[in-house]
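Observations on the three-dimensional arrangement
Residue-level listing of the chains:
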Amino acid sequence: MPVPFETLIPYGIIIAMFGISGAGMSKIRNWQNGGKRQRRGIDQWDRVLMDRDRRLTGDLRGQANNPTAPPGYELNNPWRLEKRMS
């Protein structure tokens with residue numbers, strides 16, 4: 001007993017939507033990481049270095065090869081100080 005092709009149309013639409021959404025998510029993640037692959041298994045040291053790179057270059061995944069820091073970096077301190085009670 002053959003299956004009418006009209007019954008398979010919703011399944012085709014569902015599969016196409018999963019494919020389109022997966023490709024879109026992949027493209028967005030790639031765009032957010034500056035064209036690089038997504039990082040996995042990031043530990044605390046990697047987060048510290050990524051924060052330093054973000055403060056140096058303005059991009060989370062960007063890296064700078066300049067041995068001297070840009071002007072204004074000395075005021076860009078990652079340590080947050082508590083306000084003293086007086």
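Residues numbered from 1 in each chain as written. Predicted model: local features only at pLDDT ≥ 70, side-chain atom pairs only at ≥ 80, totals over all residues. Heavy atoms only, no water.

**Some remarks on the overall build of the protein**
Helices and strands together make up the secondary structure of the protein, namely 2 helices and 0 strands. A total of 86 residues make up the protein; the buried ones form 8% of that total. For the protein, the exposed surface amounts to about 8,200 Å²; the carbon and sulfur share of it is 60%. (Helix = DSSP H or I, 4+ residues; strand = E, 2+ residues; numbered from the N terminus. Buried < 20%, exposed > 50% of the residue type's maximum accessible area, 1.4 Å probe, protein only. Areas by Shrake-Rupley, 256 points an atom, 1.4 Å probe, with all protein chains shown as cover.)

**Quick look at helix α1 (residues 9-32)**
Across its 24 residues, α1 extends 34 Å between first and last C-alpha, which sits within 8% of the 34 Å expected from 1.5 Å per residue. Within two residues after α1, G34 carries a phi angle of roughly 70°, on the positive side. (Expected span 1.5 Å × (residues − 1).)

**Notes on the layout of surface pockets**
To locate leftover empty space, one rolls a probe as large as a water molecule over the atoms. Considered as a void within the structure, the largest pocket measures approximately 170 Å³ in volume. Class assignment of the residues belonging to the lining of the largest pocket gives a composition of no nonpolar, 4 polar and 4 charged. (1 Å grid on protein atoms, 1.4 Å probe; cavity = no way out; pocket = protein on both sides within 12 Å on 5 of 7 lines; lining within 4 Å. Points joined across faces, edges and corners; volume = space filled by probe spheres on them. Nonpolar A, V, L, I, M, F, W, Y, C, P; charged D, E, K, R; others polar.)

**A short note on a nonpolar patch on the surface**
A surface patch of nonpolar side chains, amounting to about 580 Å² of accessible area, comprises V3, L8, Y11, I14 and F18. Looking at the element boundaries, F18 is found in helix α1. Judged by relative accessible area, F18 falls into the exposed class, the value being 63%. (Patch = residues over 30% accessible without salt bridge, like charges linked within 9 Å, V, L, I, M, F, W, Y side chains within 5 Å. Salt bridge = Lys/Arg side-chain N within 4 Å of Asp/Glu carboxyl O.)

**Details of the pattern of salt bridges**
Inspection of every chain in the model, using the stated rule, returns 4 salt bridges. Each of D51, R54 and R55 takes part in a single network of salt bridges with overlapping partners.

**Regarding the UniProt feature "transmembrane region" (unreviewed entry) in the protein**
As recorded in UniProt, the sites labelled "transmembrane region" (unreviewed entry) are residues 12-30. Overall, residues 12-30 shows 100% helix and 0% strand. The separation of its end C-alpha atoms is 27 Å. (UniProt positions renumbered as here; feature names shortened; annotations may be inferred.)

**Focus: helix α2 (residues 44-57)**
With 14 residues, α2 extends 20 Å between its outermost C-alpha atoms, agreeing within 8% with the 20 Å of an ideal straight helix rising 1.5 Å per residue. Residues of α2 that are buried include every one of M50, D53 and R55, and no others. Where α2 terminates, the next one or two residues include G58, which has phi positive at roughly 90°.

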